[in-house]
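Residue-level listing of the chains:
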Amino acid sequence: MNTSVRHRTTPDLSPCARALAEVHEHDGYPVNWPAAPDTWLTPPSLLDAWVAERHGHIAGHIVLSRSGPGDAAPALWSARTGASPDATAVINRLFVAPSARGHHLGAALMARAATEARSRGLHPVLDVLASDTAAAALYERLGWHLLGTVEQDWSPTRTVTVRCYAAP
């Protein structure tokens, strides 16, 4: 098999950071390049993380996190369903290296993270920059539901528009 998804390990962080740098150069993600990419890939609210491999090389990454106070998608999902935002898990830090796209790695990573969220009794949600139409198209192809579009403060001088989604 040429592709696989597995749990991320500590030695994976450097190759993940290199792949993230390629994504940043190609797509501008993440918008705010982190001073320490391997730390950015491991947020404090981390529940679990996975990598996608293609031909033995790390080609993609995804994180499942607890919802935090600044997360818009859990709040929108809570308002829609009446459940607590604490009943969600946030999918984030998703990327696939430009050279590995077109092989369903993003969909495989999404499926793995969503399955893990549900196994923990949590509903998967996420947000994406409104300008990232390719990512939004992936989520919609996978059957995710648009909860709404909101403005978020990403820094004292930067406000962005994000689309918030919930898994089906």
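Right above here is the structure, for reference.
Residues numbered from 1 in each chain as written. Predicted model: local features only at pLDDT ≥ 70, side-chain atom pairs only at ≥ 80, totals over all residues. Heavy atoms only, no water.

Q: Please explain the nonpolar core as it appears in this structure.
A: One recurring pattern in soluble globular proteins is that nonpolar side chains are buried together. By size, the foremost hydrophobic cluster in this structure holds 26 residues, and its most contacted members are I62, I91, M110, Y139 and W144. At the level of elements, strand 2 (46-54), strand 3 (57-66), strand 4 (88-96), helix 4 (105-119), strand 5 (123-129) and helix 5 (133-141) are the ones that each hand at least two residues to this core. Residue contributions to this core peak at six residues, all from helix 4. Dropping the residues within four chain positions of it, Y139 is found in contact with L94, M110, L126, V128, W144 and Y165. Judged by nonpolar contacts, the second largest core, of eleven residues, contains A72, V160, V162 and A166. (Core = buried A, V, L, I, M, F, W, Y, C linked by side-chain atoms within 4.5 Å. Buried < 20%, exposed > 50% of the residue type's maximum accessible area, 1.4 Å probe, protein only. Helix = DSSP H or I, 4+ residues; strand = E, 2+ residues; numbered from the N terminus. Contact = heavy atoms within 4.5 Å.)

Q: Would you take a moment to explain the packing of aromatic side chains for this structure?
A: The description of an aromatic ring pair uses the distance of the two centres, along with the angle that the planes make with each other. The final tally for this structure, using the stated rule, is three aromatic pairs. Centroid distance Y29 to W40: 5.9 Å. Interplanar angle 65 degrees. Geometry classified as edge-to-face. Remark: W40 occurs in helix 2 (residues 37-40) and Y29 occurs in the loop between helix 1 (13-27) and helix 2; sequence separation between them is eleven residues. Since its relative accessible area comes to 24%, Y29 is described here as partly exposed. (Phe/Tyr/Trp six-rings, centres within 6.5 Å; stacked < 30°, edge-to-face > 60°.)

Q: Honestly, the layout of surface pockets in this entry has me stumped. Any pointers?
A: Empty space within the largest pocket amounts to approximately 1400 Å³. If you trace the largest pocket, you find 49 residues lining it, with Y29, L94, V128, D132 and Y139 closest to the centre. Those elements that provide at least two residues to the lining of the largest pocket are helix 1, helix 2, strand 3, strand 4, helix 4, strand 5, helix 5 and strand 6 (145-155). For the lining of the largest pocket, the element with the highest residue contribution is strand 4, accounting for seven residues. (1 Å grid on protein atoms, 1.4 Å probe; cavity = no way out; pocket = protein on both sides within 12 Å on 5 of 7 lines; lining within 4 Å. Points joined across faces, edges and corners; volume = space filled by probe spheres on them.)

Q: Just to check I follow, could you spell out unusual backbone geometry for this structure?
A: For residues that are not glycine, phi is negative in most cases, and the peptide bond is trans in most cases. The peptide bond linking Y29 to P30 adopts the cis configuration, its omega dihedral lying at -5 degrees. Mapped onto the elements of the fold, P30 is located in the loop between helix 1 and helix 2. The phi dihedral of R93 falls on the positive side, at around 55 degrees, and the residue is not glycine. Of note, R93 is situated in strand 4. Judged by its relative accessible area of 18%, R93 is buried.

Q: Got a minute to help me understand helix 4 in this structure?
A: Structural remark: α-helix, 3.6 residues per turn; residues separated by three or four positions point the same way. With 15 residues, helix 4 extends 21 Å between its outermost C-alpha atoms, agreeing within 8% with the 21 Å of an ideal straight helix rising 1.5 Å per residue. Looking at helix 4, one finds that the buried residues are L105, G106, L109, M110, A113, A114, E116 and A117. Projection of helix 4 onto a plane perpendicular to its axis shows the buried side chains occupying an angular sector of 160 degrees, all on one side. In this structure, the buried side of helix 4 is in contact with strand 1 (3-7), strand 2, strand 3, strand 4, strand 5 and helix 5. The first or second residue beyond helix 4 is G121, which carries a positive phi of 75 degrees. (Expected span 1.5 Å × (residues − 1). Arc of directions from axis to C-beta.)

Q: So what exactly am I meant to see when it comes to the pattern of salt bridges here?
A: Close approach of charged atoms allows side chains with opposite charge to pair. Within this structure, the stated rule accounts for six salt bridges. One salt bridge in this structure joins E53 and R6, with 3.0 Å as the shortest N-O distance. Highlighted residues: E53 in strand 2 and R6 in strand 1, separated in sequence by 47 residues. Here R6 falls in the partly exposed class, since its relative accessible area comes to 27%. We note a salt bridge from R163 to E140, for which the minimum N-O separation is 2.7 Å. With R163 in strand 7 (residues 158-166) and E140 in helix 5, the pair connects residues that are 23 residues apart, well separated along the chain. (Salt bridge = Lys/Arg side-chain N within 4 Å of Asp/Glu carboxyl O.)

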